[in-house]
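Chain residues, written in single-letter form:
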Amino acid sequence: MEISPLRWKPYARDAFVFDLQLFAGDDKTEEPTAKKRADAKKKGQVGRSTDMNAAFVLLMGFTILRILWESIYQKIAAYATYIFTHLNQPVDTENILRIVIGIIELLAQTALPIMIAIMFIGLAVNLYQVGLNFNTEAIGFKPEKLNPINGFGRIFSKRSLMELAKSLMKIAIIGFFLYDFLSDHLMEMPQFIYFDLPTSLAQIADIIFKMAFEVVGVIMIVGFIDYAYQKWQTTQDLKMSKQEVKDEAKQSEGDPQIKGKIKQKQRQMAMARMMQEVPKADVIVTNPTHFAVALKYDKSMPAPQIVAKGQDLVARRIKELAAENKVPIVENKPLARALYASVEVGELVPAELYQAVAEVLAYVYRLKNRRRRA
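Residues numbered from 1 in each chain as written. Predicted model: local features only at pLDDT ≥ 70, side-chain atom pairs only at ≥ 80, totals over all residues. Heavy atoms only, no water.

Named according to an unreviewed UniProt entry, the chain is Flagellar biosynthetic protein FlhB originating from Selenomonas ruminantium. According to UniProt, the comment filed for the chain under the heading Subcellular location (unreviewed entry) is "Cell membrane". (UniProt positions renumbered as here; feature names shortened; annotations may be inferred.)

And the structure:
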């Protein structure tokens, strides 16, 4: 009888075997690879904070507004004075068009600089957070998003609940600072009724700007904290299991077994090409059993060339081919070892071995001459 996850032995009533493999999970404990991060970035899955964007946009907007406030106030007051002094004009197309054009010009002079500054700061902050990353996958149609069950799952997911908690915390923090600020300045406002309109507006503007910059400072701190959290959360979401890391390595670098077979085939092809050069060699220098090096030389070469070399079984095969094709075999243990260790196939003999190789070649040429005379 077997009860999962406890496995009972048939003849031991009180003994049982606890199988940990039944609970083995594919835990994602590995840091995301560069490829995983790049793929996620293409899909728009990057760590970014909307609070940081909002903080910098508000900061830039209120800063420009504070700098240009006097000019903006004068332009609005001048246009309002113009409108009220021309109320007795007839309502016709020409007068309405003149008023509309005046409003557009006023907006261009007052609001346009602020809008342009906000646009540039928003782009700059986004560029800092995610870089140049344009993709349409996030706005593409996905049928699974229409599934109400998946929708409820997203609403009550861990991330959604965390975002809700963050939003409530931000509202509480900003509300506290607003309450603290207004409670300090609330008693100043009744005295504004004794001032003229320009003075009252100036005083109210100062209070509003002070309150705005204090709130923006709070949002800025929250934005930096949120940005750090979003980067950390994105890394957590992209973490991989050990098996995923192995699978990605196989996909990017190729299956090790296939790579091994390719290398083996390449070695076989290189060996076959090398063996084809053995019959063309002038001499085979041997150890005599462990090493064999095939040398070739003609007058067009600056130095003798290694056309084949091998050890043990390969050396034996080189000597067999040499014997079949009547290539001279010379035993010279130090020279064979030196050539095998210091020169690769296709390379020329180094200068320090010229004399030893020249003696071997001279000996081979003398043997060939004797055979021809005989």
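(A) Spatial organisation of the overall build of the chain. Across its full length, the chain holds 13 helices and seven strands. Evaluated residue by residue, the chain yields a buried proportion of 25% over its 374 residues. Pairs at least 24 apart in sequence give 71% of the contacts found in the chain among residues at least 6 apart. Accessible area for the chain stands at about 26,000 Å²; split by element, carbon and sulfur atoms hold 63% of it. (Helix = DSSP H or I, 4+ residues; strand = E, 2+ residues; numbered from the N terminus. Buried < 20%, exposed > 50% of the residue type's maximum accessible area, 1.4 Å probe, protein only. Contact = heavy atoms within 4.5 Å. Areas by Shrake-Rupley, 256 points an atom, 1.4 Å probe, with all protein chains shown as cover.)

(B) Region of interest: the pairing of strand β5 (residues 291–296). Along β5, five of the six residues are buried, which leaves the element largely enclosed by surrounding structure. Where strand β4 (residues 283–286) meets β5, four bridges bridge the pair, whose relative direction is antiparallel. In the sheet register, Val285 faces β5, and the bridge partner there is Val293. Taken together, β4 and the strand that follows it, β5, pair antiparallel across an intervening segment of four residues. (Pairing = 2+ DSSP bridges.)

(C) Summary view of the pattern of salt bridges. In this structure the tally under the stated criterion is seven salt bridges. Note that Arg317 is salt-bridged to Glu320, the shortest N-O span being 3.3 Å. Of this pair, Arg317 and Glu320 both sit in helix α11 (residues 313–324), three residues apart, which is roughly one turn of the helix. Overall, Arg317 belongs to the partly exposed group, its relative accessible area being 37%. A relative accessible area of 37% means that Glu320 is categorised as partly exposed. (Salt bridge = Lys/Arg side-chain N within 4 Å of Asp/Glu carboxyl O.)

(D) Layout of the nonpolar core. The biggest cluster of nonpolar side chains holds 17 residues, and the ones touching the most others in it are Leu295, Leu339 and Val357. Element by element, the count of residues in this core is highest for helix α13 (residues 354–373), at four residues. Discounting chain neighbours no more than four positions away, the residues touching Leu295 are Ala281, Asp282, Val283, Val285, Gln305, Ile306, Val307, Leu339, Val349 and Val357. (Core = buried A, V, L, I, M, F, W, Y, C linked by side-chain atoms within 4.5 Å.)

(E) Molecular detail of the pairing of β4. Both faces of β4 are covered, namely the face carrying Val283 and Val285 and the face carrying Ile284 and Thr286. Of the strand pairs in this sheet, β4 and strand β7 (residues 329–331) are connected by three bridges, and their pairing is parallel. Across the sheet, residue Thr286 finds its bridge partner in β7, namely Glu331.

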